[in-house]
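As a plain string of letters, each chain reads:
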Amino acid sequence: MERRLAAILAVDVVGYSRLMGADELGTFERIRAHRKELFEPEIARQHGRIFKLMGDGLLAEFGSAVDAVTCAVVLQRSMLDRNSGISDERRIDVRMGINLGDVIVEDGDRHGDTINLAARLEQLARPNGICVSDKVKIEVEGKVDIRFENGGEQRLKNIAQATKAFHWRPDGAPPLVLTKAGAEGIRDPAPANAGAKPSLALSAFEVLGGDAQAVPLATGVNEAVASSLANLTGISLVTASNEANYHAIGSVQISGSRFRVIVKLLDQRSKKQFWSDRFDGDIAATFDALDNLAFRICSALRYEIYERETERTRLRSLEEQTNEELMGQAGHILLNSRRADYERSVTLIDLVVKRDPNNFMALAIRAWGAMVEVVCGYREVSPADSAIALQFARKATELNGRSDFAHLVYGLMLLYLKRDLDAAVRQAKRSLELNPNYALSIYLLGMAMMYAGDAEAGLRHCKRALEANPRFPANNWFMDYMAVGNFLREDYGAAVEWARRSDEIHGDIPRCLLLLTTCSSHAGAVEEAAREADRLMQACPDFRIRDLRRWPFLREQDWARFIDGLVQARLP
């Protein structure tokens with residue numbers, strides 16, 4: 001495997017789907033002419049090499065950041081000249097991203113995070129503009145005749161670390177057009193219903209292969225998924241695809257007793273497919289198979305839509321964003337376990353509560369936001385947090401008794417703040433009556449049953465929640481409670497294994513480190529317990545066992561056993 005330092009230039013055509021839809025052949029010919037007459041010779045002139053071509057863009061490698069930026073500037077200025085006098089419907093505008101870092105070389109192609117980040121920066125770039133990372137900006141400072149505008153720190157999809165972005169556009173570039181939602185030409189225009197919750201249309205699932213046996217299965221899958229989607233809080237299910245923000249399409253194929261369902265999700269605003277997944281199963285137990293499919297598909301669609309919504313709105317100022325957009329981001333942020341994000345979530349949701357004090361969704365998100373750090377173990381709950389969480393959660397259910405999310409949050413507050421296991425179970429069951437396919441409520445029900453002493457039932461529910469969606473950002477929560485259930489069963493080896501899997505997703509979460517420490521102690525793994533205790537002290541230097549808020553175990557002996565494992569590991 002060969003590695004080398006390189007500057008990567010990512011180029012993309014703005015509004016490619018719209019251009020192709022209006023004039024497919026003409027657009028193809030114009031893009032090819034620009035590439036052959038301008039991009040290929042100029043990239044070569046600046047000592048670069050194109051290593052990947054896509055229908056609407058390209059990736060090129062340069063030996064230096066200065067060459068890459070110089071080339072990008074020349075290309076953008078030249079594109080303005082080439083577009084001079086051409087109507088808006090026919091002009092080809094591009095945006096570019098540049099990153100500097102280590103790349104893996106393989107058979108003429110290039111791989112690695114450096115390239116992924118260049119592509120994400122290109123998506124941030126304004127039309128006719130360039131967006132570069134801070135590494136590139138530092139490298140070219142004083143060496144090129146342009147000045148970059150600070151775009152601030154950005155959290156980009158599938159990029160672990162926050163990235164500082166910097167922008168440049170040439171003099172004479174068309175002005176950035178403000179959309180109805182306030183985005184300055186960075187994303188596709190907002191739909192007419194901007195400010196409403198995201199909408200989704202579901203088309204009938206297509207039967208592949210002409211197998212008549214697959215027809216009733218396809219119909220059943222479609223009905224089960226539609227029924228579940230109709231119950232989701234925060235997403236509107238509509239019948240006309242041209243009126244929806246998102247469009248889900250699918251296909252069904254059968255081979256013997258096995259079936260395969262493929263689901264794709266399209267963003268109607270950008271006219272691009274951005275997600276697809278495969279779901280396999282056995283048709284022997286048809287109703288169970290349909291229930292499981294609806295559960296997995298709806299869990300995936302709910303998460304993917306809010307991931308997309310968060311990505312779309314991240315670049316606009318808070319004042320320009322609607323309440324639905326702010327709530328979508330705030331709720332999505334709270335699914336991860338990164339402590340630095342919690343404060344931003346509270347900032348977002350406090351703005352909504354200020355605008356609309358009786359917005360049940362905002363109140364429920366704010367209640368959960370007050371408790372996430374406590375639940376993850378970063379700090380103990382304050383009286384102020386406890387009061388806010390209980391008040392807002394209760395009020396959210398009073399304002400909308402048919403919200404699966406509101407009942408979930410109220411149940412969590414009752415469990416953690418009141419240790420009222422029966423009330424938490426009731427709220428979880430009510431949430432699941434409203435939406436049987438809500439993974440977080442299944443998880444709440446499992447937790448409450450575990451703490452009440454029924455580890456086996458609790459494990460079954462948490463395992464089902466974990467099976468919903470492998471990409472779900474809160475899967476480490478479910479894994480932690482698989483560890484709790486096995487701790488209660490005194491299967492300490494399995495408990496350590498589940499906690500270790502959680503730790504691999506989000507390292508150094510105090511709740512998980514506590515589980516690893518006590519379960520390792522009880523398993524007789526003295527050195528491992530000591531190592532996890534050291535990690536806990538590094539994450540929380542002020543930790544003392546006497547200050548640890550009691551977890552809501554109903555039985556005193558379970559809590560005593562939990563504490564005993566921490567004492568054995570010599571935690572202070």
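Because the structure is predicted, anything quoted here is derived from the model rather than measured. (Residues numbered from 1 in each chain as written. Predicted model: local features only at pLDDT ≥ 70, side-chain atom pairs only at ≥ 80, totals over all residues. Heavy atoms only, no water.)

**Section: the overall build of the chain**
(1) Moving on: Per the secondary structure count, the chain includes 21 helices and 14 strands.
(2) Moving on: Relative to the compact-globule value of 25 Å for 572 residues, the chain shows a C-alpha radius of gyration of 26 Å, a close match.
(3) Moving on: Counting only C-alpha atoms, the chain reaches 80 × 60 × 50 Å along its principal axes.
(4) Moving on: Within the chain, the fraction of its 572 residues that count as buried is 56%.
(5) Moving on: Contacts spanning at least 24 positions in sequence make up 67% of the contacts within the chain whose residues lie at least 6 apart.
(6) Moving on: In the chain, the 74 positive side-chain charges and the 79 negative ones have mean positions that sit 2 Å from each other. (Helix = DSSP H or I, 4+ residues; strand = E, 2+ residues; numbered from the N terminus. Rg over C-alpha atoms; globule rule 2.2 N^0.38 Å. Buried < 20%, exposed > 50% of the residue type's maximum accessible area, 1.4 Å probe, protein only. Contact = heavy atoms within 4.5 Å. Lys, Arg positive; Asp, Glu negative; His and termini not counted. Charge placed at Lys NZ, Arg CZ, Asp CG, Glu CD.)

**Quick look at the packing of aromatic side chains**
(1) Moving on: Following the criterion strictly, the structure yields 17 aromatic pairs and no others.
(2) Moving on: Their ring planes at 75° and their centres at 5.8 Å tell us that Tyr 443 and Tyr 481 sit as a pair that is edge-to-face. In this pair, Tyr 443 sits in helix H15 (residues 439-451) while Tyr 481 sits in helix H17 (residues 475-488), placing the two residues 38 residues apart along the sequence. There is no split in this pair, since Tyr 443 and Tyr 481 are both buried.
(3) Moving on: Ring centres 6.1 Å apart and planes at 45° place the aromatic pair Phe 553 and Phe 562 in the tilted group.
(4) Moving on: Given a relative accessible area of 0%, Phe 562 falls into the buried group.
(5) Moving on: For Arg 464, the ring lying beneath its charged end belongs to Phe 295, and the centroid distance is 3.9 Å.
(6) Moving on: If you follow Arg 561 out to its NZ or CZ, it ends over the ring of Phe 487, 4.4 Å from the centre. (Phe/Tyr/Trp six-rings, centres within 6.5 Å; stacked < 30°, edge-to-face > 60°. Lys NZ or Arg CZ within 6 Å of the ring centre and 35° of its normal.)

**What to know about the nonpolar core**
(1) Moving on: In this structure, Trp 368, Met 413, Tyr 443, Trp 551 and Phe 562 are the most contacted members of the largest nonpolar core, which totals 105 residues.
(2) Moving on: In terms of residue count, the dominant contributor to this core is helix H13 (residues 404-418) (11 residues).
(3) Moving on: Ignoring any residue separated from it by four or fewer positions in sequence, one finds Tyr 443 in contact with Tyr 416, Cys 462, Ala 465, Trp 477, Phe 478, Tyr 481 and Arg 511.
(4) Moving on: Grouped together as the second largest cluster of nonpolar side chains are 36 residues, Met 20, Ile 31, Phe 62 and Ala 68 included. (Core = buried A, V, L, I, M, F, W, Y, C linked by side-chain atoms within 4.5 Å.)

**What about unusual backbone geometry?**
Among all residues save glycine, negative phi is the norm, and among peptide bonds the norm is trans.
(1) Moving on: A positive phi angle is found at His 47, which is not glycine, with a value near 70°.
(2) Moving on: When you line up the elements, His 47 lands in the loop between helix H2 (24-45) and strand S2 (48-54).
(3) Moving on: One non-glycine residue, Asp 508, adopts positive backbone phi at about 65°.
(4) Moving on: Among the secondary structure elements, Asp 508 is positioned in the loop between helix H18 (492-505) and helix H19 (510-522).
(5) Moving on: You can call Asp 508 partly exposed: its relative accessible area is 38%.

**Examining the pattern of salt bridges**
Between side chains of opposite charge, pairing is possible as soon as their charged atoms come close.
(1) Moving on: As enumerated under the stated definition, the model contains 40 salt bridges in all.
(2) Moving on: Asp 350 is paired through a salt bridge with Arg 366; the nearest N and O atoms lie 2.8 Å apart. Of the two residues, Asp 350 is situated in helix H9 (residues 339-355) and Arg 366 in helix H10 (residues 360-369); the sequence distance between them amounts to 16 residues.
(3) Moving on: One connected set of salt bridges, linked through shared partners, spans Arg 500, Asp 503, Asp 508, Glu 528, Glu 532 and Arg 535. (Salt bridge = Lys/Arg side-chain N within 4 Å of Asp/Glu carboxyl O.)

**Let's talk about the confidence of the model for the chain**
Interpreting fine coordinate detail is not advised for predicted regions of low pLDDT.
(1) Moving on: Here the chain shows a mean pLDDT of 86. Residues at 70 or above account for 94%.
(2) Moving on: Confidence scores differ between elements of the chain, with helix H1 (residues 16-22) showing the lowest mean pLDDT of 77 and helix H21 (residues 556-568) the highest of 97.
(3) Moving on: Predicted confidence is poor over residues 177-194, with pLDDT under 50, and the contacts of this stretch with residues over four places away or in other chains come to 36 contacts. (pLDDT = per-residue confidence, 0-100.)

**Re helix H20 (residues 526-539)**
(1) Moving on: Its 14 residues give H20 an end-to-end C-alpha distance of 20 Å, which sits within 8% of 20 Å, the value for a rise of 1.5 Å per residue.
(2) Moving on: Among all positions in H20, only Glu 528, Ala 529, Glu 532, Ala 533, Leu 536 and Met 537 are buried.
(3) Moving on: Its buried side turned inward, H20 meets H18 and H19. (Expected span 1.5 Å × (residues − 1).)

**Details of the pairing of S2**
(1) Moving on: As defined by bridge partners, S2 adjoins strand S3 (residues 57-62) across 6 bridges and the pair is classed as antiparallel. Bridging from a neighbouring strand, Gly 48 pairs with Phe 62 of S3.
(2) Moving on: Hairpin remark: S2 followed by S3, antiparallel, with 2 residues in the connecting loop. (Pairing = 2+ DSSP bridges.)

**Here we look at H19**
(1) Moving on: With 13 residues, H19 should reach 18 Å at 1.5 Å per residue; the first-to-last C-alpha distance of 18 Å fits that figure.
(2) Moving on: Extensive coverage of H19 is indicated by the burial of 12 of its 13 residues.
(3) Moving on: Turning to H19, its buried residues are Pro 510, Arg 511, Cys 512, Leu 513, Leu 514, Leu 515, Leu 516, Thr 517, Thr 518, Cys 519, Ser 520 and Ser 521.
(4) Moving on: Against helix H11 (372-376), H15, H17, H18, H20 and H21 lie the buried residues of H19.
(5) Moving on: After H19 finishes, the residue Gly 524 shows a positive phi value of roughly 85°.

**Some remarks on the side chain of Gln 76**
(1) Moving on: Residue position: Gln 76 is located in helix H3 (residues 65-83).
(2) Moving on: In this structure the side chain of Gln 76 is engaged in a polar contact, spanning 3.3 Å, whose partner is the backbone oxygen of Asn 128.
(3) Moving on: Dropping the residues within four chain positions of it, Gln 76 is found in contact with Val 94, Arg 95, Met 96, Asn 128, Gly 129, Ile 130, Trp 168 and Pro 170. (Polar contact = N/O pair within 3.5 Å; in protein donor to acceptor, adjacent residues only side chain to side chain.)

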